[in-house]
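Close look at the chain arrangement
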Amino acid sequence: MSDVAVGSLGLPRVRGFRSAVVARLRRDRLAFAGFMIIVVITLASLLAPLAAPHDPLEMRPADRYAPPSRAHPLGTDFFGRDILSRLMYGGRISLLIGLATVSINGALGLPLGLLAGYLGGRVDTVIMRLADTLIVFPTLIFAMALMAMRGVGLLELVIALTFKGWTPLARLVRSEALAIREREFVQAARAIGASHGRIIFRHVLPNSLSAFVVYATLGITTPILAEAALSFLGLGIQPPAISWGQMISQERNYMQLAWWPVTFPGVVIALTVLGFNLLGDGLRDALDPRLK
Amino acid sequence: MTLVVFLMLHLSGGDPALALAGDNASEEVLAVIRQRLGLDRPLQVRYLAWVGGIVRGDLGTSLIDGRPVLPTIARALPATLLLMAGAMVVSLGIGLPAGILSALNRHSAIDHASRLFALAGVSIPGFWLGLILILLLAYRWPILPLAGYGTLRHLVLPSLTLGTAMAALLMRLTRASLLEVLREDYMRTAYAKGLARGRAVFKHALRNGMLPIVTAIGLEIGILLGGTVIVESIFSWPGIGRLAYVRMLQRDAPMVMGNLLIYGMIFGVVNLLTDLSYAFLDPRIRYE
């Protein structure tokens, strides 16, 4: 997959869909930039226990609000804790919640959308009616209400974000499945006696996967932003666990004293979301060249 | 919709009586409170009682201050609508012109700047943007009030905070939609028959490119609604978002249910208006 086949004369050889996609992605500088941002932030988060310059929880009152310096590249917060180290640990939670939420949304939305689109009829009506009902509540308010009533925690947060998070994907996959169902190759498969299960898994699912890949890349930004917002409101990740939104929340009342504890976590959130947006846009263009 | 709201809050655990009486209240006290709130009745009875109340315009009474829910929400609603109007002005005022200029001058400096803005706008978390605006425009260069409600000046920062992300989305969409329309045959016809560029764009391209934009505006209002909670709590804006947030923290279930219901209803109305506006924008669409 990594080896892009290009002839010695610069003429593209005949190649598979996947390598064609990778080749198109490579030419897309913005998508590549997005990919690099994601790689850097993921590595920094994964390697936090090894690479973080300080203990993220260690309080040093003497170092309170130390501005960015060589010892503390992004400064320290109210408790004298190193902001860079806290950001690295905070990234683990943000990415974990993003991945978990997108996976569960995929596990719910993909089959539900496939079934609704392929089977149609009453199944379609029930699933889509449920989706229509859930979609009227703003994600954030819905999640807030759940968190406030159920109690806060990592698991509760993921539940709150997946409760209605699967609906956009289900709609997307449904419309793909609807379109694919009518294509000649599906009718041909049905004509030679393929079962519904076989048609769904062999024909409809693979053809809906591009939609899913794009959704997953762009869609991970929603839980990341929602987690940040919820933690900012005190309804998300609680100390001593660290999250970017929570870091901003703790420091917002002291913004006048020091700008860095509030600024840098926001920059990191924005960069992370930007990275996924750039890569997702690039993926969409690469998977569906007709759009460009 | 009522069922979702109701079940969500009632199956989610958390005993309102406990929340009301404090953690170390005696069992007898709790029982009395439960009875007074009707919590000793079975779930389906309580649901029907609640829905019956909604039909009569009664959303119940708050657990915290004992006041009826609906008037409390109604009092807070104008502030939220004002804030959303402000945010719409910001997003339409920035998003539409930026998108149009961007599409008409593809690959120009304006185009690049607008697309950069669009990318930044959708990536920056709203609450952080609000804090940075406060930091810069209320603390560093104190030209705007840092929080509160009343004058037009108070409206500026919250509207900017809420409207920026939507401006970015609108800009992206306007640009994409216009680029598509500009390629159409009737645009070539319009130029061929000698229409000036500006006239062709405004008479033909914009009218035809508006449909997806209006759809998006309808959908994005849902996101704006969600954003009001955060923006209102940052800027102490006395709307239903802050009301919902404060009451959530106090676990005031009737108030929270009422709030969710109102949010859902606003969204529903907006969707309806969006659908109706199609017929206005595209004469081919008719509703029976």
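Below, the discussion takes up the overall build of chain B. Secondary structure assignment for chain B yields 12 helices and 0 strands. Looking at chain B as a whole, 40% of its 288 residues are labelled buried. A sequence separation of at least 24 residues applies to 70% of the contacts in chain B between residues at least 6 apart.

Scanning chain A for helices and strands turns up 13 helices and 0 strands. Moving toward the C terminus, one meets the helices and strands of chain A in the order α-α-α-α-α-α-α-α-α-α-α-α-α. Each principal axis of the C-alpha distribution contributes one length, and for chain A these read about 75 × 60 × 30 Å. Long-range contacts, defined here as pairs at least 24 residues apart, represent 69% of the contacts in chain A between residues at least 6 apart.

Let's shift gears to the packing of helix α11 (residues 221-232) of chain A against helix α13 (residues 260-287) of chain A. Residue and element names in this part refer to chain A. Between α11 and α13, whose axes approach to 10 Å, the crossing angle comes to 165°. When the axes of α11 and α13 are compared, the pair comes out roughly antiparallel. The two elements α11 and α13 meet at a crossing, and its hand is left-handed. The residues of α13 that touch α11, namely those facing Thr221, Ile224, Leu225 and Ala228, are Ile269, Thr272, Val273, Phe276 and Asn277.

A word on the environment of A:Val22. Among the structural elements, A:Val22 can be located in helix α1 (residues 17-27). Residues A:Val22 and A:Ile248, spaced 226 residues apart in sequence, show a C-alpha to C-alpha distance of 37 Å.

Right, let's get into the interface of chain A and chain B. With 31 residues of chain A in contact, the opposing surface of chain B contributes 36 residues. Elements represented by at least two residues in the side of chain A that touches chain B include exactly α5 (121-135), α6 (139-150), α11 and α13 of chain A. With 9 residues, the top contributor of residues to the side of chain A that touches chain B is α6(A).

In this section: the environment of A:Ile41. Residue and element names in this part refer to chain A. Assignment of secondary structure puts Ile41 in helix α2 (residues 29-46). Judged by C-beta crowding, with 20 C-beta atoms within 10 Å, Ile41 ranks as buried. Sequence separation between Ile41 and Asp281 is 240 residues, and the spatial gap between their C-alpha atoms is 19 Å. Discounting residues that sit within four places of it in the chain, Ile41 has contacts with Gly91, Leu271, Thr272 and Gly275.

Take the nonpolar core next. What tends to happen in soluble globular proteins is that the nonpolar side chains get buried as a cluster. Core analysis: the biggest nonpolar cluster contains 140 residues, and A:Ile141, A:Ala143, A:Met144, A:Ala145 and A:Ala229 have the highest contact counts within it. Core analysis: the next-biggest nonpolar cluster, separate from the first, contains 5 residues, B:Ile100, B:Ala103, B:Leu178 and B:Val181 among them.

All names here are of chain B. Confidence in the prediction of chain B, expressed as mean pLDDT, is 77, and 73% of residues score 70 or more. Across chain B, the element-wise mean pLDDT spans from 53 in helix α2 (residues 16-21) up to 87 in helix α5 (residues 69-104). Reported confidences for the modelled complex are a pTM of 0.81 and an ipTM of 0.78.

Attention shifts here to unusual backbone geometry. For the bond from A:Pro239 to A:Pro240, the omega torsion is 10°, close enough to zero to count as cis. Within the secondary structure, A:Pro240 is located in the loop between α11 and α12 (244-251). Here the phi dihedral of B:His107 falls at roughly 65°; this positive angle occurs in a residue that is not glycine. When you line up the elements, B:His107 lands in the loop between α5 and α6 (109-123).

Residues and elements named next belong to chain A. Among the structural elements, Arg171 can be located in helix α8 (residues 166-181). A count of 20 C-beta atoms within 10 Å places Arg171 in the buried class. Along the sequence, Arg171 and Ala258 sit 87 residues apart, while their C-alpha atoms lie 45 Å from each other. Leave out the neighbours within four places in its chain, and Arg171 touches Gly113 and Ala131.

With that settled, the discussion passes to the confidence of the model for chain A. Chain-level statistics for chain A give a pLDDT mean of 82 and a share of 93% at 70 or above. Contacts of residues 1-11 of chain A to residues separated by more than four positions or lying in other chains number 14 contacts, the stretch itself having pLDDT below 50.

Turning next to the packing of α5(B) against helix α11 (residues 240-249) of chain B. Residue and element names in this part refer to chain B. Interhelical geometry of α5 versus α11 gives an angle of 130° and a closest axis separation of 7 Å. It follows from the interaxial angle that α5 and α11 lie oblique. Packed against α5, whose contacting residues are Ile73, Ala76, Leu77 and Thr80, the element α11 presents Ile240, Gly241 and Leu243 at the interface. For the contact of α5 with α11, the class distribution of residues is 5 nonpolar, 2 polar and no charged.

With that settled, the discussion passes to helix α8 (residues 152-182) of chain B. Residues and elements named next belong to chain B. When the terminal C-alpha atoms of α8 are compared, their 39 Å separation across 31 residues is substantially less than the 45 Å that a helix rising 1.5 Å per residue should span. At Gly163, α8 shows its maximal kink, close to 40°. Extensive coverage of α8 is indicated by the burial of 23 of its 31 residues.

Scoring rules and cut-offs
Counting starts from 1 at the beginning of each chain's written sequence and moves along it residue by residue. Here the convention is simple: chains get letters from A, ligands get numbers from 1, in the order in which they are written. In keeping with the predicted nature of the model, local features appear solely for residues at pLDDT of at least 70, side-chain atom pairs appear and are counted solely at 80 or more, and the whole-chain, interface and lining totals rest on all residues. Numbering goes from the N terminus for both helices and strands, where a helix is a DSSP run of H or I of at least four residues and a strand is a run of E of at least two. Any residue with 12 or fewer other C-beta atoms within 10 Å of its own C-beta is exposed, any with 20 or more is buried, and the rest are partly exposed; the C-beta atoms used are placed from the backbone. Residues are scored as being in contact if the C-beta atoms we place from backbone atoms lie within 7 Å. For helices, the fitted axis covers only the stretch in contact; all axes are lines through C-alpha atoms, and the angles between them, taken along N-to-C directions, range from 0 to 180 degrees. Small angles under 35 degrees read as roughly parallel and large ones over 145 as roughly antiparallel, with 65 to 115 read as roughly perpendicular and the rest as oblique. Helix crossings get a hand from a simple test, with the near helix turned counterclockwise from the far one by less than a right angle marking a left-handed crossing and a clockwise turn marking a right-handed one. Definition of nonpolar core: a set of buried Ala, Val, Leu, Ile, Met, Phe, Trp, Tyr and Cys residues joined via C-beta atoms within 7 Å. What pLDDT reports is the predictor's confidence in each residue, on a scale of 0 through 100. Under the convention adopted here, Pro, Cys and the residues Ala, Val, Leu, Ile, Met, Phe, Trp and Tyr are nonpolar, Asp, Glu, Lys and Arg are charged, and Gly plus all remaining residues are polar. Any helix carries an expected span of 1.5 Å times its number of residues minus one. Note that bend, as reported per residue, equals the angle between axes fitted to the 7 residues terminating at that residue and the 7 residues originating from it.

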